[in-house]
Amino acid sequence: MNTFAQRMPSLDSLVPYAGTLLLILGGSLFYPQILGFEYLTQQLQISAFLGLLALGATLVILLGHIDLSVPWILGGAAIVSTALAGTDDPLLTALAIPLALLFGAVVGIINGVGVAILRIPSMVWTLAVNSMLLGVAVLNTGGFNPKGEASETMVWLATGNIAGIPAAFIVWMATAGAMALLLKRSGFGRYLSSIGYNEKATFLSGVSTPSVIFAAFAIAGVCSAFGGVLLAGYANQAYQSMGDPFLLPTIAAVVIGGTSILGGRGSLVGTIGGVLFITLLTSILSVMQISDAWRNIIFGVIILAMLLLQTLRKRAA
């Protein structure tokens, strides 16, 4: 079996990079600033927020599952981090980011319990968890914007730069590198793909499939929480429903990157390309003053088109 850890990036994973290049060249005909260094680095910065979410989503989708709790893991982590950072206590400020990431891991593990132990479809379970997190947030804030503000560290991670390269982009790439190393150097990557292909056969071969599912959802939760921390640093605050606009683009980026929505096949390289494509597409649509409604329609069409292509190729194979 060709596993995730053993395969080199496929042609599917290179498609979004070609699409990104076409967007840059085509968009420059109407908006020449697209070719400027400042514009491109800004897109790299913005792509990091979506990119962290998509890295975690890739692991879950490789399992053949889906995580719909991304919006409020992101929002919850932003609320936790800004609430702690907004105090005058140096210790709580220092713990703002670690505790926000811990929050994401805990929610991820809860998702894993529902999917791996209770055997509830991931789409249903994670949607319910997302709804409960929304309820908890509303109860905590009374329906108003959360109090607190981002710490200096959060702001720098989101808006700073190193030698002209956005710090957020560097953080995203470092996270992707660490995740790729984990998938390549451990059995975890092989088990992800094996479960995606056939969970029952993988279990019967001696693999503790619940443990792998727990780990995948926990890592996805941490990635979503990290995205929330950076987004809060970028906005210097948390706000209601800040994660809602990221759910569809996250799934779109993973699918466009060549990861099969049915599980068992995909790559982080493709996901990164999908994120860059989605980010640039969103920017160009904004420049063209395309409404949010039409953007959602375009994202939906792209996802359906990629799913159709994957299905046709699978039948042909």
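Structure: above.
Residues numbered from 1 in each chain as written. Predicted model: local features only at pLDDT ≥ 70, side-chain atom pairs only at ≥ 80, totals over all residues. Heavy atoms only, no water.

A. Region of the structure containing the overall build of the chain. Helix and strand counts for the chain stand at 13 helices and 2 strands. In summary, the chain has a C-alpha radius of gyration of 19 Å against a globular reference of 20 Å for 317 residues, a match within 12%. Oriented by its inertia axes, the alpha-carbon framework of the chain measures out at about 55 × 50 × 35 Å. Here the chain, with 317 residues, has 51% of them falling under the buried criterion. Within the chain, counting contacts between residues at least 6 apart in sequence, those at least 24 apart form 79% of the total. With 12 positive and 10 negative side-chain charges, the chain shows a separation of 23 Å between the mean positions of the two kinds. (Helix = DSSP H or I, 4+ residues; strand = E, 2+ residues; numbered from the N terminus. Rg over C-alpha atoms; globule rule 2.2 N^0.38 Å. Buried < 20%, exposed > 50% of the residue type's maximum accessible area, 1.4 Å probe, protein only. Contact = heavy atoms within 4.5 Å. Lys, Arg positive; Asp, Glu negative; His and termini not counted. Charge placed at Lys NZ, Arg CZ, Asp CG, Glu CD.)

B. View of unusual backbone geometry. Phi is positive for Ser241, which is not a glycine, with a value near 60°. Relative to the assigned elements, Ser241 resides in the loop between helix H10 (209-235) and helix H11 (247-256). The backbone phi angle of Gln289 is positive, close to 60°, even though this residue is not glycine. With respect to the element layout, Gln289 can be found in the loop between helix H12 (268-287) and helix H13 (292-316).

C. Here's a closer look at helix H6 (residues 152-159). Of the positions making up H6, those classed as buried are Met154, Leu157 and Ala158. Along the axis of H6, the buried positions cluster into a sector of 95°, meaning they face one direction only. Buried residues belonging to H6 abut helix H2 (37-62), helix H3 (70-85), helix H4 (90-117), helix H7 (167-185) and H10. (Arc of directions from axis to C-beta.)

D. Region of the structure containing the packing of H7 against H10. Contact geometry for H7 and H10: axes closest at 12 Å, N-to-C directions at 175°. One element, H7, and the other, H10, form an angle in the roughly antiparallel class. For the pair H7 and H10, contact is made by Ala168, Val171, Thr175, Met179 and Leu182 and by Ile219, Cys223, Phe226 and Leu230, respectively. Tallied by class, the residues present in the contact of H7 with H10 amount to 8 nonpolar, 1 polar and no charged. (Axes fitted to C-alpha atoms, helices over the stretch in contact; angles between N-to-C directions. Parallel < 35°, antiparallel > 145°, perpendicular 65-115°, else oblique. Nonpolar A, V, L, I, M, F, W, Y, C, P; charged D, E, K, R; others polar.)

E. Structural context of the pattern of salt bridges. Inspection of every chain in the model, using the stated rule, returns 1 salt bridge. Two residues, Glu199 and Arg119, come together in a salt bridge whose shortest N-O distance is 3.0 Å. Here the residue Glu199 occupies a position in helix H9 (residues 199-204), and Arg119 occupies one in the loop between H4 and helix H5 (122-141), the gap between them amounting to 80 residues. The class of Glu199 is buried, set by a relative accessible area of 19%. On the basis of relative accessible area, Arg119 is assigned to the exposed category, the value being 51%. (Salt bridge = Lys/Arg side-chain N within 4 Å of Asp/Glu carboxyl O.)

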